[in-house]
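Spelled out, the chains give:
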Amino acid sequence: MIVERRGVRIVDTFAEAFGMRAARVLITAQSPDWAGTAARSMTGFATSVIGCKVEAGIEAELASEETPDGRPGISVLLFAFDAEGLTRQLIDRIGQTTLTCPTTACFDGLPRAEERVIVGGALRHFGDRFQSSKFLDGQRFWRIPVMEGEFLVQEAFGVQKAIGGGNFLILGADQRSALAAAEAAVEAMRRVPGVILPFPGGIVRAGSKVGAKKYKNMIASTNDAYCPTLRGRDGVESLIPEGANSVLEIVVDGLDRAAIENALRVGIDAACRPGVVEITAGNYGGKLGKHHFHLHALVGSG
Amino acid sequence: MITLTLQEQPNVPLEAESLSPDVMAPLSHDAIRALPVYLGKRQKRVDDFFTVEGEGSEELVIDGDATKIKWIGRGMTRGRITINGHAGMHLGAYMTGGVIEVSGNTTDWLGAEMSGGLIRIRGDAGGQVGAAYRGSLSGMTDGTILIDGSAGLEVGMRMKRGIIAVGGAVRDFAGLQMKGGTIVLGGGAELRTGAWMIRGTIVSLKPIPLLPTFAPACAYNPTFLGLYARHLRGLGCDIPYEDRDGAYQRYTGDTSVPGRGEILVWKPRE
């Protein structure tokens, strides 16, 4: 069955995603700018679990009335393969990027999650026994003295099952068209709650395949089937159709299946615009993960 | 809903720890009327002093001047007690959950050694609010006590956790031997506030006389007070915390113990 949206062909395939563990960190600060500074710092170098051990991104900006301490804030989502790895990343990243950032505080954004990991309870040691805690509504908060005043961080953060690696590929007639479509998709997807787009600007130009053809110790290597410069080369089964000359991928991590479906749906819809030849998805034949998002079902259900 | 209306003032304090949702909720109307209360050493029935309406409810309403009724809501874990009038000593002592609301005044040992729940007093309270009983190591260990009016001596004595917020002035020794938790003094305090405190926070929205064993630290706006401000605002109690409105002068002590507690005194921006 051929499905098209505004003249863009949607391939009958599925995006293949995998199970992860996620945490939500609410960063507050004296101003939205400082909350944003801390959030961008915390989510830096967090594009792919393969190389960064965590995938992180900004979920939303929060108004003062939406945050625990009544100050402007940013909601950040972090994803890792397991709770242990996620805990390490939370401690390292909050400790290095938020504790050090003027006026900030950090709170758990998944209060209903059953699994809880100790973060502030580890960071408190920076206080060299000058730290103190407050206990409110069943939660402990650590007050760590710093030169500027105090850093406030919640002792435990919720961790829940999540899904990483939802994706779709935009095959454009040229680089400019593909990038414009990807930018439109990112703008739409960033309005969906419960998801992040962990790559730079939400867009991946270097999609990968599982393993490698030549280097056997590589976990991932370039997705040669979608590299336009490799079309026609021996050993490459190019999947780029006639008329397409540049491919960009959008990767989305979400707290649950519904959030990823919503994000993919609005993203694909926004990407269907002039200059785009085809929309497809990263399908690794079931080798990567058990969560499959069928593009036709997503587009049809919109 | 169960409604008790006080018909006869006891001539001496009446001990009535059976006036609690935990005790009354599973009982029939007749069983509630027959519940024991103690007038001195004599066991009496609830209906010797109150008219009783309703049965089988976790919501208890007491109408009348219950100043001489002690131990109402002792150890309650759930439900709600509304007192339309005044209440006597030990109201909500040892409670672990539920809500008590009093439209008038109450006297000493309000919420003593409570570990959860909410008590709201629209009028004044006596001494030893949320305190430890004599010989006991810890006062309240969680929960919230809100008093719109004033309170007496030793508010929060040896408290370990939880919040006590008093709208009016309190008398001497607020936070005596405090081990944790937070006391908010909306109308200031008399003498020796925080004496021998080890940990915990006393927030005063008015200037108060301080012991010489408290050392001035800095003027700032603690972030954690934003959390408390939001929590208390939901309960109808406002505390300032934004730097555009002023700052808190922090004093640490009591150094005579030595303690690591703090007294935060609000100074509005001029």
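Residues numbered from 1 in each chain as written. Chains lettered and ligands numbered in written order. Predicted model: local features only at pLDDT ≥ 70, side-chain atom pairs only at ≥ 80, totals over all residues.

Asker: Looking at this model, I keep getting lost on the overall build of chain B. Mind explaining?
Answerer: A count of helices and strands for chain B gives 3 helices and 17 strands. Against the globule reference of 18 Å for 270 residues, chain B gives a C-alpha radius of gyration of 19 Å, in line with a compact fold. Taking the principal axes of the C-alpha coordinates as reference, chain B spans close to 60 × 35 × 25 Å. Going through the 270 residues of chain B one by one, you find that 54% of them count as buried. Counted over contacts in chain B with a minimum sequence separation of 6, partners at least 24 positions apart contribute 40%. (Helix = DSSP H or I, 4+ residues; strand = E, 2+ residues; numbered from the N terminus. Rg over C-alpha atoms; globule rule 2.2 N^0.38 Å. Buried ≥ 20, exposed ≤ 12 C-beta atoms within 10 Å, placed from the backbone. Contact = placed C-beta atoms within 7 Å.)

Asker: Which parts of the structure should I look at to understand the overall build of chain A?
Answerer: Helix and strand content of chain A: 7 helices and 17 strands. Relative to a compact globule of 302 residues, whose C-alpha radius of gyration would be 19 Å, chain A shows 21 Å and is just as compact. Taken over the C-alpha atoms alone, chain A extends approximately 65 × 40 × 30 Å along its principal axes. The burial tally for chain A puts 46% of its 302 residues in the buried class. Within chain A, counting contacts between residues at least 6 apart in sequence, those at least 24 apart form 73% of the total.

Asker: Looking at this structure, I do not really get the sheet that holds strand β3 (residues 36-39) of chain B. What am I missing?
Answerer: Strand pairing in a sheet relies on backbone hydrogen bonds, with the paired strands running either antiparallel or parallel. Residues and elements named next belong to chain B. Ordered in space as β4-β3-β2-β7, the 4 strands form an open sheet in which the pairing is mixed. Every interior strand has two partners, whereas the edge strands, β4 (42-45) and β7 (69-70), have only one. The pairing of β3 with β4 spans 4 bridges and is classified as antiparallel. Bridge pairing in β4 places P36 opposite R45. (Pairing = 2+ DSSP bridges.)

Asker: Is there a simple way to explain the interface of chain A and chain B in this structure?
Answerer: If you look at the interface, chain A gives 15 residues, while chain B gives 13 residues. Only β8 (132-136), β9 (139-146) and β10 (149-154) of chain A provide two or more residues apiece to the side of chain A that touches chain B. A total of 4 residues in the side of chain A that touches chain B trace back to one element, the largest contributor, which is β8 of chain A. For the side of chain A that touches chain B, the per-class residue count stands at 6 nonpolar, 3 polar and 6 charged. (Nonpolar A, V, L, I, M, F, W, Y, C, P; charged D, E, K, R; others polar.)

Asker: Help me understand the nonpolar core, please; the structure alone is not making it clear to me.
Answerer: What tends to happen in soluble globular proteins is that the nonpolar side chains get buried as a cluster. Within the largest apolar cluster, 94 residues are counted, with the highest numbers of intra-cluster contacts made by I27, V76, L78, V153, I170 and I279 of chain A. Excluding residues within four positions of it along the chain, L78 of chain A makes contact with A22, A23, V25, V54, A56, L86, Q89 and L90 of chain A. (Core = buried A, V, L, I, M, F, W, Y, C linked by C-beta atoms within 7 Å.)

Asker: What exactly am I supposed to notice about the confidence of the model for chain B here?
Answerer: Caution is warranted with low-pLDDT regions, since their predicted coordinates should not be read in detail. Confidence in the prediction for chain B averages 96 pLDDT; 100% of positions are at 70 or higher. For this predicted complex, the interface confidence comes out at an ipTM of 0.93, alongside a pTM of 0.93. (pLDDT = per-residue confidence, 0-100.)

Asker: Hey, could you run me through the environment of M114 of chain B in this one?
Answerer: Residues and elements named next belong to chain B. Relative to the helices and strands, M114 resides in the loop between β9 (99-102) and β10 (115-121). Separated by 45 residues in sequence, M114 and M159 place their C-alpha atoms 9.5 Å apart. Those residues in contact with M114 that sit more than four places away from it in its chain are G92, A93, Y94, M95, G130, M140 and G143.

Asker: How should unusual backbone geometry be read in this particular structure?
Answerer: Following G253 of chain B, the chain continues into D254 of chain B via a peptide bond in cis, with omega recorded as 0°. Looking at the secondary structure, you find D254 of chain B in the loop between β16 (246-253) and β17 (261-268). Between V257 of chain B and the following residue, P258 of chain B, the backbone shows a cis peptide bond with an omega angle of 0°. Residue placement: P258 of chain B occurs in the loop between β16 and β17. Even without being a glycine, R129 of chain A presents a positive backbone phi close to 70°. Relative to the helices and strands, R129 of chain A is located in the loop between α4 (120-123) and β8. A positive phi angle is found at Y94 of chain B, which is not glycine, with a value near 65°. Within the secondary structure layout, Y94 of chain B lies in the loop between β8 (80-84) and β9.

Asker: Whenever I open this one, the pairing of strand β14 (residues 201-204) of chain B confuses me. Can you help?
Answerer: Look at any regular strand and the pattern is simple: side chains alternate between the two faces of the sheet. Residues and elements named next belong to chain B. Residues T201 and V203 point to one face of β14 and I202 and S204 to the other, with burial holding for every one of them. Pairing of strand β13 (residues 182-185) with β14 involves 4 bridges; the strand directions are parallel. Across the sheet, T182 pairs through a bridge with T201, a residue of β14. Across 4 bridges, the pairing between β14 and β17 is parallel. Paired with V203 across the bridge in β17 is L264.

Asker: I tried to follow the pairing of β3 of chain B on my own but got confused; where do I start?
Answerer: All names here are of chain B. As paired elements, strand β2 (residues 14-15) and β3 share 2 bridges and run antiparallel to each other. Looking across to β3, one finds that E15 is bridged to Y38. Between β3 and β4, which pair antiparallel and follow one another directly, the connecting turn spans 2 residues, one of which, G40, has a positive phi of 65°.

Asker: Is there a simple way to think about the packing of helix α5 (residues 175-189) of chain A against helix α6 (residues 257-271) of chain A in this case?
Answerer: For any two helices packed against each other, the geometry comes down to the angle between their axes and how far apart the axes lie. Residues and elements named next belong to chain A. Viewed as axis vectors pointing N to C, α5 and α6 meet at an angle of 145°, and their least axial separation amounts to 7 Å. By crossing handedness, the relation of α5 to α6 is classed as right-handed. For the pair α5 and α6, the contacting residues are A181, A182, A184, A185, E187, A188 and M189 in the first and A263, V266, G267, A270 and A271 in the second. When the residues that make up the contact of α5 with α6 are grouped by side-chain class, the tally is 10 nonpolar, 1 polar and 1 charged. (Axes fitted to C-alpha atoms, helices over the stretch in contact; angles between N-to-C directions. Left-handed = near helix turned anticlockwise from the far one by under 90°.)

Asker: Just to check I follow, could you spell out the environment of F293 of chain A for this structure?
Answerer: For F293 of chain A, the position within the fold is in strand β17 (residues 291-294). The spacing of F293 of chain A and T222 of chain A is 71 residues in sequence and 22 Å in space, taken between C-alpha atoms.

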